[in-house]
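Here is how the chains run, residue by residue.
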Amino acid sequence: MHKNLRSFIEVLRKEDQLTEVSAEVDPYLEIAEIHRRVIEEQGKALLFSNVKGSTFPVVTNLFGTVKRIELAFGKRPLEFVKRAVEMVDILVPPKIGKLWGYRDMGLTALRLGTRTVRSPPVLESRQPQVDLEKLPLLQLWHEDGGHFITLPLVYTESPSSHKPNLGMYRIQRYDKNTTGIHWQIGKGGGFHYFEAEQRRESLPVTIFLGGPPAMILAAIAPLPEDVPELMLASLLADSKIGVADNPIAGHHRLLSEAEFAICGYVPPDERRPEGPFGDHYGYYSLAHEYPVFHADAVFHRRDAIYPATVVGKPRQEDFFIGDYLQELLSPLFPLVMPAVKDLWSYGETGFHSLAAAVVKERYGREALSAGFRILGEGQLALTKFLLLTDKEQDLRDFGSLFEYILARVDWQRDLFILSQTAFDTLDYASGKINHGSKAILMGTGDARRDLVREFSGELPPGVRKALPVCGGCLVVEGEAFESERELGKRLAASGMFDDWQVVVIHDDADVARYTDKFLWATWTRFDPATDISAGTAEVRNNHIAYGSPIVIDARMKPWYPGVVEVRADIAKLVDERWNEYFGRS
């Protein structure tokens, strides 16, 4: 589709999807706040040409609407994936007479991969002395630990097999030569570093910025561990990806069309605090010890453009990228997991906190087997709460789906809470990094009950307000968690909510009025093992048989990190300069 970042920017300019800001702007908080306001209005991509402290322009909000996603990638990748799935279905086992009908797939396959470029643009310039402080890294939130690269393409290779990985892991600049590298659990680059550290070796790492937009998408995609991201990038770009030899011995080949290439290494056993960082969950992920990247060289185009994104409370730019990736990869799920018909993760919850699937129930409890299969697949293993049903549903319509499941769930058999499991690094609901619990909730077969839709009873002590979310699900506004930590247990046993299947305790019941706010404020704020109570719970044959109501305590807890909020002086600054940014008098 696009050879490089600047060809995409030119398309955005022609399509009136780009705004250029020539007023001087500060990479410390100011650019991020401008970006957030523009994306909230579903505004254009932003090219900041006059960035304080740097000679490089900054571009943000490249993918912040469905239209720009389409301009970046077009319809062809999705059509190719669907046709590939169709081909597998028809040609397995092979049928000679039908192979000719898929000859176009062979021609497409010939365009996949890499090609060598002899005079790559990325080698047009090189810093005489490495100085990462000359790059316009952004600080997004005032409590962040510093300035971060937020759209890095981090390339590594396995020390043993030399299989590549291209991932996106945030990079915190420490000084002119070093950064933190946030390798979360379950990430390919982290697996490569684990190998290198076991061998007492440094791991060569190259951080690319820019290049074909397809590279950015491929780096984010939750591909199986040994599937090379460059192949997906090549498919998305509809051409081979240009690479070039690195003039520095012992380092990786370079992406020829990248804007920047930062070459270096991560030594074994070296750690420094990385963070805090206001991330896509909408909270600050706290400072923890992470490996340290040492830069040996910085190459860049002569007129390089620095790409960045801004994360925070959904919906931000990553929401649109994530939804597109799900649309692109969803036809492959039945190939990898034959009992799974459809699967969706909710970007409003940070993706890992809540997912739903339509699965096959060809024999009793097959749906549960499919659920375990999902929780064992790649990054889906980090899913905290999984909803399952066996009939076609629009998984994107949460309210309708949740009602469908609540009308069918048998609480004695269909809720499973799995404690002592891995937990997404960015989710602090359990109070312990990387460790927590999961839950599977199933609703299959015919409806068992009609769902109540209005609350008309009295409110118990400690509850100020009650609002329905959908049929069968009620939000109640409770006192602060520290005032009564066992409120969930008391409400579950009170008998006052027995008509409701699920009751969610919040600090503010008004989140029930908006599905996106309810999803975010609920599923990012509870750990299934510690924050779910039930009207009854009885151990039968080593299984816990629950009885409604199921009460979820989604109040803020003392150990949760803070919600990201704009500092007042930055909001005031952007208010005052808004017309200046956009050339208005």
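Placed above this text is the structure.
The present account deals with the structure reproduced in this document. All values derive from a computational prediction rather than experimental measurement.

Here the focus is the overall build of the chain. Helix and strand content of the chain: 17 helices and 29 strands. At 25 Å, the chain has a C-alpha radius of gyration in line with the 25 Å of a compact globule built from 585 residues. Summarising its shape, the C-alpha atoms of the chain cover approximately 75 × 70 × 55 Å along the three principal directions. Look at the contacts in the chain between residues 6 or more apart in sequence, and 73% of them connect residues 24 or more apart. Within the structure as shown, the chain displays about 24,200 Å² of accessible surface, and the carbon and sulfur contribution to it stands at 51%.

It is worth spelling out the pattern of salt bridges at this point. For the structure on display, the rule yields 42 salt bridges. Here Glu274 makes a salt bridge to Arg170, at a shortest N to O gap of 2.7 Å. Remark: Arg170 occurs in the loop between strand E8 (164–167) and strand E9 (171–173) and Glu274 occurs in strand E15 (residues 271–274); sequence separation between them is 104 residues. One salt bridge connects Arg200 with Asp269, and the closest N-O pair in it is separated by 1.8 Å. Residue Arg200 is located in the loop between helix H7 (188–198) and strand E11 (203–209), and its partner Asp269 is located in the loop between strand E14 (260–266) and E15; the two are separated by 69 residues in the primary sequence. Pair check on accessibility: Arg200 and Asp269 agree, each one exposed. In this structure, a network of salt bridges that share partners links the residues Lys3, Arg6, Glu257, Glu259, Arg301 and Asp303.

To continue, consider the side chain of Glu229. Residue placement: Glu229 occurs in helix H9 (residues 229–237). Not counting the four nearest positions on each side in its chain, Glu229 is found in contact with Pro164, Asn165, Leu166, Ala218 and Leu223.

Procedures and definitions
- Residues numbered from 1 in each chain as written.
- Predicted model: local features only at pLDDT ≥ 70, side-chain atom pairs only at ≥ 80, totals over all residues.
- Heavy atoms only, no water.
- Helix = DSSP H or I, 4+ residues; strand = E, 2+ residues; numbered from the N terminus.
- Rg over C-alpha atoms; globule rule 2.2 N^0.38 Å.
- Contact = heavy atoms within 4.5 Å.
- Areas by Shrake-Rupley, 256 points an atom, 1.4 Å probe, with all protein chains shown as cover.
- Salt bridge = Lys/Arg side-chain N within 4 Å of Asp/Glu carboxyl O.
- Buried < 20%, exposed > 50% of the residue type's maximum accessible area, 1.4 Å probe, protein only.

Purely spatial values, then, with no claim about function.
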